[in-house]
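# Inside the fold
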Amino acid sequence: MKENEIHTFRQADHEIDPIFLNRWSPRSFLDKEVSEEVLMRLFEAARWAPSANNLQPWRFIVARTAEERSLFHSFIFERNLEWCKNAPVLAVLISDKQNGMNAFDSGTAWGFLSLQAIKEGLKTHAIGGFDKAKAREVLNIPEEFDIQVTIAIGYQGEKEALPEDFQAREIPSSRRPLEESILQGKYK
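The rules behind these values
Residues numbered from 1 in each chain as written. Predicted model: local features only at pLDDT ≥ 70, side-chain atom pairs only at ≥ 80, totals over all residues. Heavy atoms only, no water. Helix = DSSP H or I, 4+ residues; strand = E, 2+ residues; numbered from the N terminus. Rg over C-alpha atoms; globule rule 2.2 N^0.38 Å. Buried < 20%, exposed > 50% of the residue type's maximum accessible area, 1.4 Å probe, protein only. Contact = heavy atoms within 4.5 Å. Areas by Shrake-Rupley, 256 points an atom, 1.4 Å probe, with all protein chains shown as cover. Lys, Arg positive; Asp, Glu negative; His and termini not counted. Charge placed at Lys NZ, Arg CZ, Asp CG, Glu CD. UniProt positions renumbered as here; feature names shortened; annotations may be inferred. Phe/Tyr/Trp six-rings, centres within 6.5 Å; stacked < 30°, edge-to-face > 60°. Lys NZ or Arg CZ within 6 Å of the ring centre and 35° of its normal. 1 Å grid on protein atoms, 1.4 Å probe; cavity = no way out; pocket = protein on both sides within 12 Å on 5 of 7 lines; lining within 4 Å. Points joined across faces, edges and corners; volume = space filled by probe spheres on them. Nonpolar A, V, L, I, M, F, W, Y, C, P; charged D, E, K, R; others polar. Pairing = 2+ DSSP bridges. Axes fitted to C-alpha atoms, helices over the stretch in contact; angles between N-to-C directions. Expected span 1.5 Å × (residues − 1). Left-handed = near helix turned anticlockwise from the far one by under 90°.

## Some words on the overall build of the chain
The helix and strand inventory of the chain stands at eight helices and four strands. Ordered by position in the sequence, the α and β elements of the chain form the string α-α-α-β-α-α-β-α-β-α-β-α. On C-alpha atoms alone, the chain measures out to a radius of gyration of 17 Å, which is about the 16 Å that the 2.2 N^0.38 rule sets for 188 residues. Each of the three principal axes of the chain carries a C-alpha extent, and together these read 45 × 45 × 35 Å. The burial tally for the chain puts 43% of its 188 residues in the buried class. In the chain, the proportion of contacts linking residues at least 24 apart, taken out of those at least 6 apart, comes to 76%. Within the structure as shown, the chain displays about 11000 Å² of accessible surface, and the carbon and sulfur contribution to it stands at 50%. Of note, the chain has its 24 positive side-chain charges centred 4 Å away from the centre of its 29 negative side-chain charges.

Structure below.
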């Protein structure tokens, strides 16, 4: 989907940079390699995310080769594997449990990564449907790390490349009205 088509589905109530509207999570990925230089710019953006006490608890375990991706495929639930198997890069985001802010901080790093991906002409899709225990075992993740999410990274493919039941969902989602997200003074 082209950037000018996204505005059919997404419109901000207040003026913001278009990058925020252009970031969405498609499921169709081209089987096209992402260069090392471009990929490192995504992780460089994540590196600069704010974190409590500058602890930077996030780590990304990255799979780029067919062999590495097959390891990831072993713990991704079948329904998600149907579409993410074509993504040329998969990453698991983990975070050191050293303080209670690790999930918040690693989520911010993921957000920075996803916005840089848009600037690079890439798309990302966070995957929650995977077996975390199996991922821990297969990737040898130490117990002091929480496993947050798996991320598909790549160039967007055509929706027709997806199984038919996914094609209807291959559009940018809207958001609830801003006033429903802001509570003045206290929770009602």
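Next, the rest of the story.
## Topic: the UniProt feature "domain: Nitroreductase" (unreviewed entry) in the chain
In the numbering used here, UniProt assigns the "domain: Nitroreductase" (unreviewed entry) feature to residues 22-75 and 80-155. With 39% helix and 11% strand, residues 22-75 has end C-alpha atoms that lie 30 Å from one another. Secondary structure across residues 80-155 comprises 41% helix and 30% strand; the distance between its end C-alpha atoms is 17 Å.

## Thoughts on the packing of aromatic side chains
The full count for this structure, using the stated rule, is four aromatic pairs. Aromatic side chains F72 and F75 sit 5.4 Å apart centroid to centroid with 40° between the ring planes, which places their arrangement in the tilted category. Neither F72 nor F75 differs from the other in exposure class; each is buried. One aromatic cluster is present, formed by F72, F75 and F130 through successive ring pairs. Directly above the aromatic system of W83 lies the positively charged group of R27, at a separation of 6.0 Å from the ring centroid.

## A word on the layout of surface pockets
Considered as a void within the structure, the largest pocket measures approximately 570 Å³ in volume. Elements supplying a minimum of two residues to the lining of the largest pocket: helix 2 (18-22) and helix 6 (102-119). If you tally residues by element for the lining of the largest pocket, the top one is helix 6, at four residues. Residue composition of the lining of the largest pocket, by class: nine nonpolar, six polar and five charged.

## Observations regarding the sheet that holds strand 2 (residues 89-96)
Across the sheet, which stays open at both edges, the four strands sit in the order 1-2-4-3 with antiparallel pairing between neighbours. On the outer flanks of this sheet lie strand 1 (58-63) and strand 3 (123-127), each paired with one strand and no other. Put simply, the sheet's adjacent strands are angled 25° from each other on average, direction ignored. Packing against the sheet, helix 3 (residues 36-47) makes contact with strand 1, strand 2 and strand 4 (145-154), and its axis sits at approximately 165° to strand 1. Along the sheet, helix 7 (residues 132-139) contacts strand 1, strand 2 and strand 4; its crossing angle with strand 4, the most-contacted strand, is approximately 85°.

## Here we look at helix 3
Compared with the 16 Å implied by 1.5 Å per residue over 12 residues, the 16 Å span of helix 3 between its first and last C-alpha is a close match. Lining the buried residues of helix 3 we find strand 1, strand 2, helix 6 and strand 4.

## Considering the packing of helix 3 against helix 6
Interhelical geometry of helix 3 versus helix 6 gives an angle of 140° and a closest axis separation of 7 Å. Between helix 3 and helix 6 the crossing geometry is right-handed. Between helix 3 and helix 6, the residues in contact are R41, L42, F43, A45 and A46 and A109, F112, L113, Q116 and A117, respectively. Within the contact of helix 3 with helix 6, the residues separate by chemical class into eight nonpolar, one polar and one charged.

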